[in-house]
Amino acid sequence: MTTTQRITDDLEAMLAVFPLEVAHAVQSKDNFDSLLEVILDLGRNPSARFTTGEVELLERPVTQEDLKYVTDRISDFDADNRAGMERTLHRISAIRNRRGKVVGLTCRVGRAVYGTIEIIEDLVESGQSVLILGKPGVGKTTMLREAARILAQKHRVVIVDTSNEIGGDGDVPHPAVGQARRMQVPKPSLQHEVMIEAVENHNPEVIVIDEIGRELEALAARTIAERGVQLIGTAHGNGLENLLLNPTLSDLVGGIESVTLSDEEARRRGTQKTVLERRSPPTFTVMVEIIDRGRVAVHRDVASSVDAILRGYPMLPEERFRDEYGKVHIVTKTKPNMPTVSQSLRRGNGMETSPFQRNLGQSSPQIHQSTQRVNSVSDLFEGAEGVSLAGMTGEKRIYPVGVPRSRLIQSVRELGVPAIVVKDLKDADLLVTQRRYYRDRLQPIVEAEERGIPIFVVKSTSIGQIEQFLANSFPGQVTLPMAGASTEGVEQALQAIAGLREGQKYVDLQPAPAAVRRQQHEVARQAHLVSESFGKDPNRFVRIFRD
């Protein structure tokens, strides 16, 4: 996807309200495209803020006459001390003294950037409610304005424009919003009422809201979303975790509440009795975090992301960015960061009190090694067919959790592998468990991670799964029968192995059904290579690595 951007800023209208000296100083910088705002503070030299930094415009201080010159040429300030200029997107905000007199002005340049929404256009047009999050000045409103214009081509769109920043000042909205209708808000404190009025009176399919910042606005957004109306909104924040900690706005992503567990449940989970859980479904199902201009992080499923954070398993968001040629790139990260015990469960001898503390400690090399081992068999955890793990040879002592000891001992004897099933975790070289026990974080699993003991996760306790686990643990020593082998799939794997031996680092096989992928994993295992499945059915495929 290549983005073509077109910028309109009506900068001449902004310069026309400045004193001549200030206007000429701004023009002399000859850097209009990166101009963000002009600062006029009484008694201080005027300055201009660009994306590259702030520069001084004049060597004399701003006078009261300079401020009056500007305020006489713009509209009256509203209750939020913001004013605009007719049919432009510029915003001028006032700083007042204790008696209400204007002593400073922040003159923000408003731009309509056509094409900026292409980086998330598929999300906006999906029909899901999208929350755009970012710091002040990173382009949230610009992106929101473009989203309104794009959606208005096919849907009934109503903009709730609190400070006239989306549609510009005056009764006629700026052409940058296209065919979207605009409702102005008399006072910022009444924004939530205008949001509800828009739904009740004007039959919108999409509501566009800028700067959700109050609890009543968050509640109004939830009400609108529950009526089946798509929401596109913005809020100030650094990321999803920060929004969760904001008591005013956390409801936008479902909110959090403290839940007290029973002794048995706390023991089963391996956590303290009081834990945090998501209170309700999120108002916005998709979140876009603006990292900087041209780079965003996307949470496609806010509910899952919030749940993962509260459990100490932060999910990696999808990253999107534009390169120097304007082409949009999407980087999808499917696997979450598996936390170590020190990150998600314990701090020293005490239990962790909050999942937001997980970055306070550093994991030991042993724990990091254990986490890597769990990730290497994540296909089993996610329901895939198996992963070949080379490098573990010699006699092994196996400690089972949730896997019948008798069945494990029987499989060890039938396959003739050099393994011993032990009763004490302290004597174990590796631990095998079922996926549900691994999810529940039982105490033996926690202790195994602390000790750096590799953990293998099987889908079930069937003989076939146990034998597959033993085959993975003893590469080259066990050959499992391949019922109904696919000649074509096996041939692909053999050709890939030949390519790896010629110097390739890895080879991706063609997408194949689960049964064929199992055979391909087994072929790779017998060749003492590592293999892993990627993607989702029906496009899931096997990748074989040289090392």
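Use the structure listed above.
Residues numbered from 1 in each chain as written. Predicted model: local features only at pLDDT ≥ 70, side-chain atom pairs only at ≥ 80, totals over all residues. Heavy atoms only, no water.

Student: Any chance you could explain the overall build of the protein chain here in plain terms?
Tutor: The number of helices and strands found in the protein chain is 19 helices and 28 strands. Taken across its 547 residues, the protein chain has 51% of its residues classed as buried. Contacts in the protein chain between residues at least 24 apart in sequence constitute 63% of all its contacts with a sequence separation of at least 6. Put simply, the protein chain shows about 25,900 Å² of open surface, and 47% of that area lies on carbon and sulfur atoms. (Helix = DSSP H or I, 4+ residues; strand = E, 2+ residues; numbered from the N terminus. Buried < 20%, exposed > 50% of the residue type's maximum accessible area, 1.4 Å probe, protein only. Contact = heavy atoms within 4.5 Å. Areas by Shrake-Rupley, 256 points an atom, 1.4 Å probe, with all protein chains shown as cover.)

Student: Just to check I follow, could you spell out the packing of aromatic side chains for this structure?
Tutor: A ring pair, where both rings are aromatic, is described by two values, the distance of the centres and the angle of the planes. Within this structure, the stated rule accounts for 3 aromatic pairs. Judged by centre distance (6.3 Å) and plane angle (45°), the rings of Tyr 506 and Phe 545 are tilted. Placement of the pair is Tyr 506 in strand E26 (residues 506-508) and Phe 545 in strand E28 (residues 541-545), with a sequence separation of 39 residues. What makes Phe 545 buried here is its relative accessible area of 18%. Positioned over the ring face of Tyr 69 is Arg 73, at 3.5 Å from the centre of the ring. Geometry around Phe 534 places Arg 543 over its ring, the cationic atom sitting 4.7 Å from the centre. (Phe/Tyr/Trp six-rings, centres within 6.5 Å; stacked < 30°, edge-to-face > 60°. Lys NZ or Arg CZ within 6 Å of the ring centre and 35° of its normal.)

Student: What should I look at first to understand the pattern of salt bridges in this one?
Tutor: Side chains that differ in charge, positive against negative, can pair when their charged atoms come close. Summed over the entire model, instances satisfying the criterion amount to 27 salt bridges. For Glu 165, the salt bridge goes to Arg 91, with nearest N and O atoms at 2.9 Å. Of this pair, Glu 165 sits in the loop between strand E10 (157-161) and strand E11 (181-184) while Arg 91 sits in strand E6 (residues 91-96), and the two are 74 residues apart along the sequence. The exposure class assigned to Glu 165 is buried, which follows from its relative accessible area of 10%. The exposure class assigned to Arg 91 is buried, which follows from its relative accessible area of 11%. With a shortest N-O distance of 3.1 Å, Arg 397 and Asp 429 are connected by a salt bridge. Note that Arg 397 is positioned in strand E22 (residues 396-401) and Asp 429 in the loop between strand E23 (419-421) and strand E24 (430-434), a separation of 32 residues in sequence. In this structure, a network of salt bridges that share partners links the residues Glu 37, Arg 49, Glu 54 and Arg 108. (Salt bridge = Lys/Arg side-chain N within 4 Å of Asp/Glu carboxyl O.)

Student: What is the right way to read the sheet that holds strand E25 (residues 455-458) from this model?
Tutor: Backbone hydrogen bonds hold the strands of a sheet together, and the pairing may be parallel or antiparallel. Spatial ordering of the open sheet is given by E23-E22-E24-E25, a layout of 4 strands whose pairing is parallel. The two strands at the open ends of the sheet, each matched to only one other strand, are E23 and E25. Adjacent strand axes in the sheet meet at a mean angle of 30°, parallel and antiparallel pairs treated alike. Here E22 pairs with E23 via 3 bridges, running parallel. (Pairing = 2+ DSSP bridges. Axes fitted to C-alpha atoms, helices over the stretch in contact; angles between N-to-C directions.)

Student: Please explain unusual backbone geometry as it appears in this structure.
Tutor: Across the chain, the bulk of peptide bonds are trans and the bulk of non-glycine residues have phi less than zero. Even without glycine at this site, Asn 164 takes up a positive phi of about 55°. With respect to the helices and strands, the residue Asn 164 is situated in the loop between E10 and E11. Within the chain, Asn 203 stands out as a residue other than glycine whose phi angle is a positive 50°. Tracing the sequence through the fold places Asn 203 in the loop between helix H6 (191-202) and strand E12 (206-209).

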